Amino acid sequence: MRNVFEGRASSWVALLVGAAALLSFPIWSPNPYITSAGVVVLSYAVLSTSWNFVGGFTGYMSLGHAAWFGLGAYGTGLLIARAGVPAFLALGLAGVIVAVLAVPIGIAALRVRGASFVIVSIALVLVLLLVFQSWRDFTGGSEGLVVPRPFPDLSRPEHHVVFFYLFAVLLGLALLAWWTIDRSRFGLGLKAIREDEDKAQSLGVPTFAYKLVAFVVSATFTALGGGLYALWFGDLDPIFQFSILIGSYMVLMALLGGVRHLFGPVLGALVVGVAIEYFKVSYGDTQFHLVATGLLLAVVVLFMPDGVIPAVQGLLARFRPQQSSIREVSAAELKEEVKL
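Residues numbered from 1 in each chain as written. Predicted model: local features only at pLDDT ≥ 70, side-chain atom pairs only at ≥ 80, totals over all residues. Heavy atoms only, no water.

Caption draft 1: Structural detail: the overall build of the chain. From N to C terminus, the chain includes 17 helices and 2 strands. Going through the 340 residues of the chain one by one, you find that 44% of them count as buried. Taking the contacts inside the chain whose residues are at least 6 apart along the sequence as the reference set, 79% of them involve residues at least 24 apart. Just so you have it, the chain exposes about 18000 Å², and 69% of that area is on carbon and sulfur atoms. (Helix = DSSP H or I, 4+ residues; strand = E, 2+ residues; numbered from the N terminus. Buried < 20%, exposed > 50% of the residue type's maximum accessible area, 1.4 Å probe, protein only. Contact = heavy atoms within 4.5 Å. Areas by Shrake-Rupley, 256 points an atom, 1.4 Å probe, with all protein chains shown as cover.)

See the structure below:
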């Protein structure tokens with residue numbers, strides 16, 4: 001009992017320290033570039049956590065989640081630039097539109113499993129890339145789409161700080177939703193699907209409905225992350241917004257931290273996001289960061305298939321005193337018990 005209490009106390013302390021470090025980051029950030037890099041890492045954390053609603057709970061590996069990221073970004077941008085909708089209302093509407101679109105797409109995609117689902121997810125993002133590149137009159141095509149800044153009176157450094165906290169709020173909402181599902185009966189059903197879908201269905205779990213709900217929730221949060229990115233960056237390009245690499249980064253970050261842990265994708269985003277930004281700065285326009293990302297993915301899959309957090313927890317457990325299944329009683333205590 002004491003060990004459980006100490007474990008929970010240490011978890012809360014770590015959580016509070018992490019939250020304090022996150023919220024104070026713009027204060028001790030040395031320059032606007034580092035602050036902007038922090039925004040990018042936070043956006044990755046939002047996307048990987050959003051992906052984890054599907055990948056972590058159901059075990060369905062989607063490499064095409066950039067489709068929802070791109071739809072959220074372009075939905076927000078087009079509502080502002082073409083319809084004159086206020087920025088954050090456009091963000092909310094884009095999230096709703098993507099949630100509605102995710103229902104029929106999910107109904108079709110979730111009928112297959114394994115490698116077939118991966119292929120379907122990739123096909124979706126490639127189709128959307130072609131559509132948004134070709135529909136030049138509406139989306140801007142390869143020339144891109146300029147999204148008006150929601151805070152035009154702010155300087156660029158102040159702009160970065162504001163969006164750092166906006167991404168932090170969105171990340172907090174995604175983590176709260178994941179935590180709530182994880183402790184619910186719905187989450188228990190999703191975990192049963194992840195372990196053995198056929199067995200879960202035979203036990204009465206409405207597997208298809210559960211998967212569809214998780215799919216829609218995941219798509220919605222990913223779209224909100226994409227929309228917020230559009231408001232922050234202000235310049236959209238279909239090649240980037242609908243990039244397979246974005247979906248691959250989400251998978252890598254979640255796997256690196258641990259898909260079964262609440263903060264696994266966040267830790268993965270911190271490691272991978274910082275590494276990507278470092279490689280881009282150090283090696284410019286070369287593709288070295290892609291090579292490094294591929295090597296990191298191979299290392300994770302081969303040596304830490306459950307992620308960093310479970311691996312560290314298992315390592316620490318080796319050094320903790322093992323509790324005996326038989327209660328050890330001294331001679332004096334035994335004598336007292338006999339007297340009673």
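Caption draft 2: Structural context of the packing of aromatic side chains. Within the structure shown, the criterion is met by 22 aromatic pairs. A centroid spacing of 5.5 Å and a plane angle of 5° characterise the contact between Phe53 and Phe221, whose relative ring orientation is stacked. Taken together, the residues span a long stretch of sequence, with Phe53 in helix H3 (residues 32-58) and Phe221 in helix H11 (residues 207-233) at a distance of 168 residues. Judged on exposure class, the residue Phe53 and its partner Phe221 are both buried. Between Phe57 and Trp178, the aromatic rings sit 4.5 Å apart at their centres with planes inclined by 20°, giving stacked as the arrangement. A residue pair is termed long-range when its members are at least 10 positions apart, and Phe57 in helix H3 and Trp178 in helix H8 (residues 156-182) qualify at 121 residues. You can call Trp178 buried: its relative accessible area is 3%. Every member of this aromatic cluster is reached through a ring pair, and the members are Phe69, Tyr229, Trp232, Phe233 and Phe240. (Phe/Tyr/Trp six-rings, centres within 6.5 Å; stacked < 30°, edge-to-face > 60°.)

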